[in-house]
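Architecture at a glance
Now for the letters of each chain:
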Amino acid sequence: MKRTIFTTIVIIGASVLFTGCGSYTGGALELNHNKKTCQITFNKFLKDTSACELAEKNDLVVVDGRGDSSMLTHVMYNKSTAAVLQVASEITIKKKDNFFAIAHPTLLSNFQGSLINTPQSYLEKCEINAGNVLTFNADPCNLHPRKKREATLAIVTYKEQPNDVLTFNAKEVLNYLKEKNLFDPNSSLKKHRIEFEVDEDGNTIYTRRDEE
C-alpha cells in the first residue's frame, strides 16, 4: 500500500507542578513552512484548516497547554487557558524570538483582526466565570477542541515586532503570569519527532520517535 511520510519536529514542554490531583503539561508542534502537514494536523485535531494559509510563508507552531484535573469545569478551563499562553511564550523564547501572534483559533487570530495582544485582555476574554451563567461551562475563545483541561493555540513567532500584525511580548506575558500566580515554574522543553504516514485511502498513522 502506497504511503507518503511527512516528518515534523515537535517540542514538548512537560511540567510537574502538582496541585491537588493534577499537573501542568504542554507541547508545541513546529510545522516548518509545510502547508500539507498543517492541513493534516489541523484536520486531525482542530477541524479548522484556515490558519494553514499562513504556513507557507511563516513558521506556524501549534501549542497545547493542559491544566489541573478537577471536578470543576471552570478550574480546568482556566488553568489550561493560562498554561497554553505560558507554553506559547516559552516556545517563542526557546526559538530565540521575542514576539508571537495568534493564528488559531479564529476568534483570537491577530491575522484576522483580533486586537487581543496582552495577557490581561486574553484572560479577560477567554476565562470562564463559575458565577456567570452565560459563561459557565462554555468555551468563549474556542481554545478547547478536544478536552476541557487542554487548550490549543497556533502561533507565529518573530524576533522583531512586525508592523502589519499585533503581537504578544513573550517575556511580558511570562512576567504577568508570575505576578498573578498563574506561572508554572517547573516547565521544560525537549524535542521529539512525529511521523505522519498517509496511505492511498487517506488514512493517517502517527508515530512518535523521541530524539536525544
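Refer to the structure printed above.
Described in the following lines is the structure provided in the data block. (Residues numbered from 1 in each chain as written. Predicted model: local features only at pLDDT ≥ 70, side-chain atom pairs only at ≥ 80, totals over all residues. Heavy atoms only, no water.)

The subject of this paragraph is the state of the cysteines. Using the criterion set out here, one finds two disulfides in the structure. Here C38 is linked by a disulfide to C52, with a sulfur-sulfur distance of 2.1 Å. In this structure the cystine formed by C38 and C52 twists about its S-S bond by roughly -85°; its chirality is therefore left-handed. Taken as a pair, C38 in helix α1 (residues 35–45) and C52 in the loop between α1 and β3 (60–66) lie far apart in primary sequence, 14 residues in all. For the residue pair C38 and C52, the accessibility class agrees, reading buried in each case. Each sulfur in the disulfide pair C126 and C141 lies 2.1 Å from the other. A torsion of -90° about the S-S bond marks the disulfide between C126 and C141 as left-handed. In this pair, C126 is assigned in helix α3 (residues 119–126) and C141 in the loop between α3 and β5 (150–158), connecting sequence segments 15 residues apart. Taking the relative accessible area as the measure of exposure, C126 reaches 3% and is therefore buried. By relative accessible area, which is 1% here, C141 ends up buried. (Disulfide = S-S within 2.5 Å. Helix = DSSP H or I, 4+ residues; strand = E, 2+ residues; numbered from the N terminus. Buried < 20%, exposed > 50% of the residue type's maximum accessible area, 1.4 Å probe, protein only.)

Right, let's talk about the pairing of strand β4 (residues 99–104) for a bit. The side chains of a regular strand alternate between both faces of the sheet. β4 sits mainly inside the fold: six of its six residues count as buried. Relative to strand β6 (residues 168–169), β4 is paired through two bridges, and the arrangement is antiparallel. Each residue of the ladder has a partner; that of F99, found in β6, is N169. (Pairing = 2+ DSSP bridges.)

Among all positions in helix α4 (residues 170–179), only A170, V173, L174, Y176 and L177 are buried. The buried residues of α4 occupy an angular sector of 160° when projected down its axis, which confines them to one face. More than 90 degrees from the buried face of α4, the exposed residues found are K171, E172 and E179. In this structure N169 caps α4, since a side-chain oxygen of it lies 3.1 Å from the backbone nitrogen of K171. A positive backbone phi angle near 60° is found at N181, which sits one or two residues after α4. (Arc of directions from axis to C-beta. Polar contact = N/O pair within 3.5 Å; in protein donor to acceptor, adjacent residues only side chain to side chain.)

What α3 keeps buried is the set P119, Y122, L123 and C126. For α3, the angular spread of the buried residues around the axis is 90°, confining them to a single face.

Here the residue pair H104 and P105 is connected by a cis peptide bond, since its omega of 5° sits within 30 degrees of zero. Despite not being glycine, N142 shows a phi value in the positive range, around 55°. With respect to the helices and strands, N142 occurs in the loop between α3 and β5. Residue classification places N142 among the partly exposed positions, given a relative accessible area of 48%. Its identity is not glycine, yet N181 carries a phi of approximately 60°, on the positive side. With respect to the helices and strands, the residue N181 is situated in the loop between α4 and β7 (188–199).

On to the nonpolar core. Ranked by internal contacts, the top residues of the largest apolar core, which has 27 residues, are V63, F100, L108, Y122, L153 and I155. Looking at this core, the elements that each hand over two or more residues are β3, α2 (73–94), β4, α3, β5 and α4. Among the elements that make up this core, the one with the highest residue count is α2 (six residues). Dropping the residues within four chain positions of it, F100 is found in contact with L85, A88, S89, T92, I155, V156, T157, T167, F168, A170 and V173. Core analysis: the second largest hydrophobic core is formed by 18 residues, A51, C52, V62 and V156 among them. (Core = buried A, V, L, I, M, F, W, Y, C linked by side-chain atoms within 4.5 Å. Contact = heavy atoms within 4.5 Å.)

Read these as spatial facts, not as claims about activity.
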